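Breakdown of the fold
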Amino acid sequence: MKDCLRKYYLYCVAACFVAGLSGCTSTPDNPVEVEEWPQIFPDYIGVTIPPTIAPLNFTVYGEHQTLDVVVRGDKGGEIHANGDYADFDTGEWHQLTAQNKGGKLTFTVCVERDGTWTQYRDFTVDVSSDELDEWGLTYRRIAPGYEVYGKMGLYQRDLATFDETPILENTAAPGACLNCHMSDRTDPARFTFHIRGDHGATLIQQDGQTELLKAKNDSLGGSMVYPYWHPSGKYVAYSTNKTHQSFHAVRDERIEVFDHSSDVLIYHPATHEIIFDSIVGTRDHYENYPVFSPDGKTLYFCSAEAREIPSGYKDIKYNLCKIGFDPTKGCVTGEVDTLFNARAVGKSANHPRPSYDGRFLLFTLSDYGCFPIWHQEADQWLLDLQTGEARALDEVNSDRSDSYHNWSDNSRWIVFTSRRGNGYYTNLYFAHVGADGRMSKPFLLPQRDPWAYYDETLYSFNTPDFTKRKVELDARAAAREIMSDRRVETKLLRLGNKNE
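Residues numbered from 1 in each chain as written. Predicted model: local features only at pLDDT ≥ 70, side-chain atom pairs only at ≥ 80, totals over all residues. Heavy atoms only, no water.

The helix and strand inventory of the protein stands at four helices and 35 strands. The burial tally for the protein puts 54% of its 500 residues in the buried class. Sequence-distant contacts in the protein: of pairs separated by 6 or more residues, those separated by 24 or more amount to 58%. (Helix = DSSP H or I, 4+ residues; strand = E, 2+ residues; numbered from the N terminus. Buried < 20%, exposed > 50% of the residue type's maximum accessible area, 1.4 Å probe, protein only. Contact = heavy atoms within 4.5 Å.)

Below, the structure written as structure tokens:
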């Protein structure tokens, strides 16, 4: 009798192993077909993806015993997932998406509840013929409160897989707040970010050489933040800001960040010289968020009339502006021109990002101020630089804050932050950009087990940027330098009249 039981036990174990290493699973048996979309998380129904993106793993809402998903390509190929959630094999997924580049994937979803199978209406995902050539993403993860934080840092993620690695965490440099990072047109060979705190500095890395700049000195009272590289690699535009935070007691207005002053600077890494021109550093305006045009001949930035702080913070409304730039001299030229008059419509424009093909400029529009990530009304807008027309990106925006965005190198994909999930945490979303500027339905950054990941995370994602390859930063050496007092002195060259 004992031998029979042992043989039966071994048979069951073997059967479970064949069915899948994660345990015994069942397959659809005479499912009841319904004409309803499956309620899945994340919502990938009808999205457009690059062929190299990680598998679109998902689950369905509500209790269930088993989820069974079959994915078929209209150009051939088929893959299958069966278990608690749809967990596709990464190799099989990429083989399928590569085979169906420029085509569609059709998902057949069946769910088992209390021994009964339900088959939902098939949904499709478009596999774009536009590649996402970048290796991955860089971003910051931080607790959403900002006023108190423990662990935070800069991270990078392989977009073809689920692998995330830290670039630098503040556990290596206690008390440091790491922020405002930027590569040179997604190329981390040139990389910079700011460190706020008692050991404040601006880190700049070029071709493996790292320097920590002493940005704050007697000549320059603020810091060097919101960087953007000139396409030549010879200059970096920064703004210098004296920032203040306030914390609201009302539910929908939690945190307000505003500037007491801000100006635009041009930094020349080869000479450690900061070029300050009063035309983009006036006393009666706040200049912020500088970015270069792809040809390097124009500097875009935001400008607001100065107001009494904090009493007048809701009256601070930024316009999008531009001015010429001379790459041979490293200085601005000509006069400031208004590119988009947000104040005329009672709004504030921030975070301009030109597409790298020079066609469009993406920006965030909110009711006031320069820090819209807690503004529920914040939306993304697109300015056509050829026609001068601007429009709200209704196909991308939500009823929560949508902000902080960047472009892929080929200008066919964007990544941005949104609070559309629960209103408290910002997560990362992607959208495909057509030649006419129309964008596809956004999709959430894929995770291996998305429900567990996003339900259990305690951090917000922000300031995302694409990266062609991994950022190579010696984190231990960088942390030691941050905690030391060793800094590279910067020289300030003033142009124009500060009283302007």
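Side chains that are three or four residues apart share a direction in an α-helix, a result of its 3.6 residues per turn. Residues Ala 478, Ala 479 and Ile 482 constitute the buried set of helix α4 (residues 475-483). The arc that holds every buried residue of α4, seen down its axis, measures 100 degrees, which confines them to one face. Among the exposed residues of α4, those oriented more than 90 degrees off its buried face are Arg 476 and Arg 480. Where α4 is buried, its residues meet β12 (164-169), β14 (187-196), β15 (201-206) and β16 (209-214). (Arc of directions from axis to C-beta.)

Following the criterion strictly, the structure yields two cavities of 30 Å³ or more and no others. Quantified by volume, the second largest cavity comes out at close to 40 Å³. Forming the boundary of the second largest cavity are Val 264, Ile 266, Ile 275, Asp 277, Val 280, Cys 331 and Val 332. When residues of the lining of the second largest cavity are traced back to their parent elements, those giving at least two are β19 (253-268), β20 (273-277) and β24 (331-340). A per-class count over the lining of the second largest cavity returns six nonpolar, no polar and one charged. (1 Å grid on protein atoms, 1.4 Å probe; cavity = no way out; pocket = protein on both sides within 12 Å on 5 of 7 lines; lining within 4 Å. Points joined across faces, edges and corners; volume = space filled by probe spheres on them. Nonpolar A, V, L, I, M, F, W, Y, C, P; charged D, E, K, R; others polar.)

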